[in-house]
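A closer look at the structure
Listed here are the chains, written in short residue letters.
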Amino acid sequence: MKKEDTVKLISAEGFEFVIDKNAAMVSQTIRNMLTSPGGFAETEHREVTFPEISTTILEKICQYFYWSLQYASGKETEFYIEPEMTLELMMAANYLHT
């Protein structure tokens, strides 16, 4: 995968997730950050920091992005969410518009 085809998502603890740009674009918020005109740092560096999203939750969100791409292509599978993650994951998903 070429570097220009990836996006780096950084959790509150500083952990970095390098994912496919198409997967990241599942999130309307990330899409807006990366495609907005005006020379924003996120657009320029393809890097988005989430100071309010923990590493565990951001990892699950990245998994969801990839799952969503597979589901959109017609592959039906279930996306499992651990019950103890539900509230925090819902708040993050609301922020990310996913």
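Named according to an unreviewed UniProt entry, the protein chain is Elongin-C originating from Helianthus annuus. Of the comments in the UniProt record for the protein chain, the one headed Pathway (unreviewed entry) reads "Protein modification; protein ubiquitination." As stated in UniProt under Subcellular location (unreviewed entry), the record for the protein chain gives "Nucleus".

1. Considering helix α5 (residues 86-96)
Taken residue by residue, α5 has Leu89, Ala92 and Leu96 as its buried positions. End-on view of α5: buried residues confined to an arc of 65 degrees, all on one side of the axis. For α5, exposure combined with an orientation more than 90 degrees from the buried face picks out Leu87, Met90, Met91 and Asn94. On its buried side, α5 packs onto α2 (28-35) and α4 (55-72).

2. Quick notes on α4
Given 3.6 residues per helical turn, the α-helix brings residues three or four places apart onto the same face. Here α4 spans 26 Å end to end across 18 residues, near enough to the 26 Å set by a 1.5 Å rise per residue. Those residues of α4 that fall on the buried side of the exposure criterion are Thr55, Ile57, Leu58, Lys60, Ile61, Cys62, Phe65, Trp67 and Ser68. Looking at the buried positions of α4, the neighbouring elements they touch are β1 (6-10), β2 (16-20), α1 (21-24), α2 and α5. Following α4 by one or two positions, Gly74 has its phi on the positive side, about 105 degrees.

3. Remarks on the pattern of salt bridges
Under the defined criterion, the tally for this structure stands at 3 salt bridges. For Lys8, the salt bridge goes to Glu16, with nearest N and O atoms at 3.4 Å. Note on Lys8: relative accessible area 23%, which makes it partly exposed. Taken together, the salt bridges that share partners define one network made up of Lys8, Glu16 and Glu47.

What counts as what
- Residues numbered from 1 in each chain as written.
- Predicted model: local features only at pLDDT ≥ 70, side-chain atom pairs only at ≥ 80, totals over all residues.
- Heavy atoms only, no water.
- UniProt positions renumbered as here; feature names shortened; annotations may be inferred.
- Buried < 20%, exposed > 50% of the residue type's maximum accessible area, 1.4 Å probe, protein only.
- Helix = DSSP H or I, 4+ residues; strand = E, 2+ residues; numbered from the N terminus.
- Arc of directions from axis to C-beta.
- Contact = heavy atoms within 4.5 Å.
- Expected span 1.5 Å × (residues − 1).
- Salt bridge = Lys/Arg side-chain N within 4 Å of Asp/Glu carboxyl O.

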